[in-house]
Amino acid sequence: MELQPISPFVQHIFRKYEAMRPCFMSEGHFLNQFLWENYYQTRFSTDDIALYLFFQRKGERGAFCPLCSVDDLPEAFRRMEQQFHEVWNCPMNIYLIDTLTKDVWQSAGLLSHYTLEADRDSADYIYDADKLKTLSGRALHKKKNLVNAFQREYEGQFTYETLCCSNIEEVKDFHEKWLDERRVYDKYNCIDNEEEGVYRLLGNCQSIDCHMGGIRMNGKLAAYTIGSYCPSIQCAFIHIEKADSEIKGLYNYINQQFLIHEFPEARYVNREDDLGQENLRQAKLSYKPIRLEEKFYLREKS
């Protein structure tokens, strides 16, 4: 397989394969892979049935879930296995497999030489988009109160703004300040790589198809978020969300307003995983996801 970098100019290739089956897992979509390419050293390859994602990290070769139709998942597995065994002469380990793919491969009898391990820290949180936009119902009453309290306290001092390439330097400055305050909580030592991915995205702003929004407080950027949309499953993916945590209710407000302004047609929202950070887990659970998109590791037995 001829491996290629995940550049801004291959989005159209990803879109073709992303649409072949319903995939609610964030790693099954271009912007997530673009943001984390340097962290995993990811490369991709395509053939007549699938888009394959391979990586090499800390001396280990691995792969992510292939993007293809449900019917082609077994054949994609066999072709990946051939690449690992016959070309690279190493065992095949596949990271971040969604439940649908796991079930298809198990039903096809392909996993007898592999072990499966669920990874709770990597599970994505899936929400009803209308619920996050309206904050209706008893379960989200506290969230709505926080938004209302923010609006009352800071009335006349804030605005929502759709951000664009002209805002790059301002977003960078805010992002750097936010990360400096959070590095102490970085369980997986990936904050600097997230920073690199965000700066890479902003540096290719005119070439990347994504949505950006921000909240200004007295004219100064106090929160921003970046997302993408998959029309085939009507799902918005929230990849980056940062806010001044000293301003009570600001996170809740940008969470709601970003969806209202940028993804009015979305039925579902994927707010990605919690990376095992307990405070982040509780925050995401408090928004009452309709489900967790489970992910699994597949490791070849020695």
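Draft legend 1. Representation of the overall build of the protein chain within the structure. Within the protein chain one finds eleven helices and 14 strands. The globule rule puts the C-alpha radius of gyration for 302 residues at 19 Å, and the 20 Å found for the protein chain is close to it. Projected onto its principal axes, the C-alpha positions of the protein chain cover 65 × 40 × 35 Å. Taking all 302 residues of the protein chain together, the buried fraction comes to 53%. A separation of at least 24 residues holds for 73% of the contacts in the protein chain among residues at least 6 apart in sequence. Element-wise, carbon and sulfur atoms account for 47% of the exposed surface of the protein chain, whose accessible area totals about 14,000 Å². Within the protein chain, one finds 37 positive and 47 negative side-chain charges whose respective centroids are separated by 5 Å.

Draft legend 2. Representation of the packing of aromatic side chains in the model. Within this structure, the stated rule accounts for 24 aromatic pairs. Look at F55 and F64: their rings are 5.0 Å apart centre to centre, the planes differ by 35 degrees, and that puts the pair in the tilted class. Considered together, F55 and F64 belong to a single accessibility category, that of buried residues. An aromatic cluster of at least three residues, connected via ring pairs, comprises W36, Y39, Y40, F55, F64, Y95 and Y297. Residue placement shows K102 over the ring face of F296; its charged tip is 4.9 Å from the ring centre. A cation over an aromatic ring shows up here: R299 above the ring of Y297, its NZ or CZ 5.1 Å from the ring centre.

Draft legend 3. Representation of the packing of helix α7 (residues 141-153) against helix α10 (residues 250-262). α10 packs onto α7 with a crossing angle of 100 degrees between their chain directions and a minimal axis gap of 8 Å. It follows from the interaxial angle that α7 and α10 lie roughly perpendicular. Seen from α7, the contacting residues are K143, L146, V147, F150 and Q151; seen from α10, they are L250, N252, Y253 and Q256. Among the residues forming the contact of α7 with α10, the class breakdown is five nonpolar, three polar and one charged.

Draft legend 4. Main features of the environment of P289. Position of P289 among the secondary structure elements: in the loop between α11 (278-285) and β13 (291-293). Linking P289 and N270, residues 19 residues apart in sequence, is a C-alpha distance of 9.3 Å. Residues in contact with P289, not counting those within four places in the same chain, are Y125, I126, Y127 and K284.

Draft legend 5. Focus on the nonpolar core. Within the largest apolar cluster, 60 residues are counted, with the highest numbers of intra-cluster contacts made by F14, F77, I94, W105, L201 and Y224. Look past the residues within four positions of I94 in its chain and what remains in contact with it is A63, F64, C65, F77, M80, W105, F296, Y297 and L298. A129, Y160, M217 and I238 belong to the second-largest nonpolar core, a separate cluster that totals 28 residues.

Draft legend 6. Highlighting the pattern of salt bridges. Throughout the structure, instances matching the rule amount to 20 salt bridges. K102 serves as the salt-bridge partner of D103, at 2.9 Å between the closest nitrogen and oxygen. With a relative accessible area of 13%, K102 lands in the buried category. Note that D121 is salt-bridged to R281, the shortest N-O span being 2.9 Å. Here D121 is found in the loop between β6 (114-118) and β7 (124-128), whereas its partner R281 is found in helix α11, with 160 residues between them in sequence. With a relative accessible area of 16%, D121 lands in the buried category. A cluster of three or more residues bridged by salt bridges with shared partners is formed by D47, D48, E75, R78 and R79.

Draft legend 7. The pairing of strand β1 (residues 43-46), seen in detail. Relative to strand β2 (residues 50-57), β1 runs antiparallel, the two being bridged by four bridges. Among the inter-strand pairings, R43 is bridged to a residue of β2, identified as F54. What sits between the antiparallel neighbours β1 and β2 is a turn of three residues.

Draft legend 8. How the structure looks around helix α4 (residues 73-87). Compared with the 21 Å implied by 1.5 Å per residue over 15 residues, the 20 Å span of α4 between its first and last C-alpha is a close match. Of the residues making up α4, those classed as buried are L73, P74, A76, F77, M80, Q83 and F84. Following α4 by one or two positions, N89 has its phi on the positive side, about 55 degrees.

Parameters and conventions
- Residues numbered from 1 in each chain as written.
- Predicted model: local features only at pLDDT ≥ 70, side-chain atom pairs only at ≥ 80, totals over all residues.
- Heavy atoms only, no water.
- Helix = DSSP H or I, 4+ residues; strand = E, 2+ residues; numbered from the N terminus.
- Rg over C-alpha atoms; globule rule 2.2 N^0.38 Å.
- Buried < 20%, exposed > 50% of the residue type's maximum accessible area, 1.4 Å probe, protein only.
- Contact = heavy atoms within 4.5 Å.
- Areas by Shrake-Rupley, 256 points an atom, 1.4 Å probe, with all protein chains shown as cover.
- Lys, Arg positive; Asp, Glu negative; His and termini not counted.
- Charge placed at Lys NZ, Arg CZ, Asp CG, Glu CD.
- Phe/Tyr/Trp six-rings, centres within 6.5 Å; stacked < 30°, edge-to-face > 60°.
- Lys NZ or Arg CZ within 6 Å of the ring centre and 35° of its normal.
- Axes fitted to C-alpha atoms, helices over the stretch in contact; angles between N-to-C directions.
- Parallel < 35°, antiparallel > 145°, perpendicular 65-115°, else oblique.
- Nonpolar A, V, L, I, M, F, W, Y, C, P; charged D, E, K, R; others polar.
- Core = buried A, V, L, I, M, F, W, Y, C linked by side-chain atoms within 4.5 Å.
- Salt bridge = Lys/Arg side-chain N within 4 Å of Asp/Glu carboxyl O.
- Pairing = 2+ DSSP bridges.
- Expected span 1.5 Å × (residues − 1).

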